[in-house]
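A look at the structure
Read off the chains here:
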Amino acid sequence: MPAERLHLVRHGEVFNPGRVLYGRLPGFGLSEDGRRMAADAAAWVKELDRPVTTLVCSPLQRTRESAEPFTATFGIDPRIDERVIEPTNVFEGRRMKRAMMNPLNWRHLSRPALPSWGEPYAQVISRMDAAMTDAWNDADGGDVVIVSHQLPIWITHLWVEGEPLRHDPRRRRCALSSVTSLEGGPGQWAEVSYSEPASTAGAVDVGAV
């Protein structure tokens with residue numbers, strides 16, 4: 001029996017004192033506030049009073065740690081899925097403002113609709129849709145929670161809503177530990193709600209690509 005609703009949950013705040021674009025780099029786990037945010041997201045989903053039967057997360061440390069409150073709340077272990085991982089990015093490990101001061105890096109911004117600085121948006125959509133479809137179809141009814149990253153969640157939103165994929169990364173509506181909920185299932189995805197259950201006041205959020 002397929003799922004009834006699918007929640008795309010972004011990870012919580014990452015401990016990132018250097019304020020770099022951490023991308024897929026290892027060693028970037030949640031801060032203390034990030035763990036609180038992840039717990040708030042799990043509590044929000046629980047308050048929906050809907051059964052959660054499937055938990056999926058990307059293999060990166062910050063998403064695995066953000067999935068822990070869902071395991072504690074719903075008693076299900078996460079399935080690791082490489083397809084919901086952060087996209088690649090040429091600026092990984094750098095501070096973006098500093099990188100943009102170097103004219104040699106400007107060539108990476110030549111095709112923002114692709115984007116030229118990282119994994120193509122179309123490829124991100126393809127792998128996210130495949131992961132969502134498998135999680136939806138494999139669920140034993142109830143809801144699916146997928147803990148992922150800002151860009152994959154935001155680009156999935158744009159695709160589902162039929163909006164242009166080209167966008168300003170600084171203007172994404174995908175806060176730390178936010179929850180984007182979809183229904184309809186494969187081929188008929190429809191966004192039904194977006195929520196920001198965790199306070200992000202004072203949070204450092206510069207690591208998304």
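Everything in this summary refers to the structure shown in the same document. Each chain carries its own residue numbering, running from 1 in the written order of its sequence. A pLDDT threshold of at least 70 governs which residues receive local features in this predicted model, and a stricter bar of 80 or more applies before side-chain atom pairs are shown or counted, although totals over entire chains, interfaces and linings include all residues. Only hydrogens and water are removed before side-chain values are computed, so all heavy atoms of the structure are retained for them.

Brief notes about the packing of helix H4 (residues 121-138) against helix H5 (residues 150-160)
Look at H4 against H5: their axes get within 9 Å of each other, and the N-to-C directions meet at 90°. By the angle class used here, H4 and H5 are roughly perpendicular. Contacts between H4 and H5 pair Tyr121, Val124, Ile125, Met128, Asp129 and Met132 from the former with Leu151, Pro152, Ile155, Thr156 and Trp159 from the latter. Geometry is summarised by axes, namely lines fitted to C-alpha atoms with helices restricted to the contacting stretch, and by angles between N-to-C directions that run from 0 to 180 degrees. A run of H or I in DSSP becomes a helix once it reaches four residues, and a run of E becomes a strand once it reaches two; helices and strands are each numbered from the N terminus. In these notes the angle categories are as follows: under 35 degrees is roughly parallel, over 145 is roughly antiparallel, 65 to 115 is roughly perpendicular, and the rest is oblique. Contacts are assigned to residue pairs that have any heavy atoms within 4.5 Å of one another.

Details of the pairing of strand E2 (residues 52-57)
Counting buried positions along E2 gives 5 out of 6 residues, so the element sits mostly inside the fold. The pairing criterion for strands is at least two bridges between them, as found by DSSP. Inspection of the sheet shows E2 paired to strand E4 (residues 143-148) by 5 bridges, in the parallel sense. Residue Val52 lies in a different strand from E4, and its bridge partner there is Asp143. Burial classes follow relative accessibility: with a 1.4 Å probe on protein chains only, a residue under 20% of its type's maximum area counts as buried, one over 50% as exposed, and anything between as partly exposed.

What about the pairing of strand E5 (residues 179-183)?
Of all 5 residues in E5, 4 are buried, a share of seventy percent or more. Pairing between strand E1 (residues 5-10) and E5: 4 bridges, direction antiparallel. Opposite Leu8, over in E5, you have Thr180 as the bridge partner. Pairing between E5 and strand E6 (residues 190-195): 5 bridges, direction antiparallel. Bridged to Leu182 within E6 is Glu191. The hairpin formed by E5 and E6 contains 6 residues between the paired strands, and Gly184 there has a positive phi angle of roughly 100°.

Some remarks on the pattern of salt bridges
When a carboxyl oxygen of Asp or Glu lies within 4 Å of a side-chain nitrogen of Lys or Arg, that pair is called a salt bridge. For the structure shown, the criterion picks out 16 salt bridges. Of the charged contacts, one joins Asp205 and Arg10 as a salt bridge, the two residues approaching to 2.7 Å between their closest N and O atoms. Of this pair, Asp205 sits in the segment after E6 while Arg10 sits in strand E1, and the two are 195 residues apart along the sequence. Look at Arg10 and you get buried, because its relative accessible area is 1%. Among the salt bridges present, the one from Asp81 reaches Arg79, with a minimum N-O distance of 3.5 Å. Under the relative-accessibility criterion, Asp81 is labelled buried at 5%. Salt bridges here are not isolated pairs; linked through shared partners, they connect Arg79, Asp81, Arg83 and Asp134.

In short, shape yes, function no, at least from these values alone.
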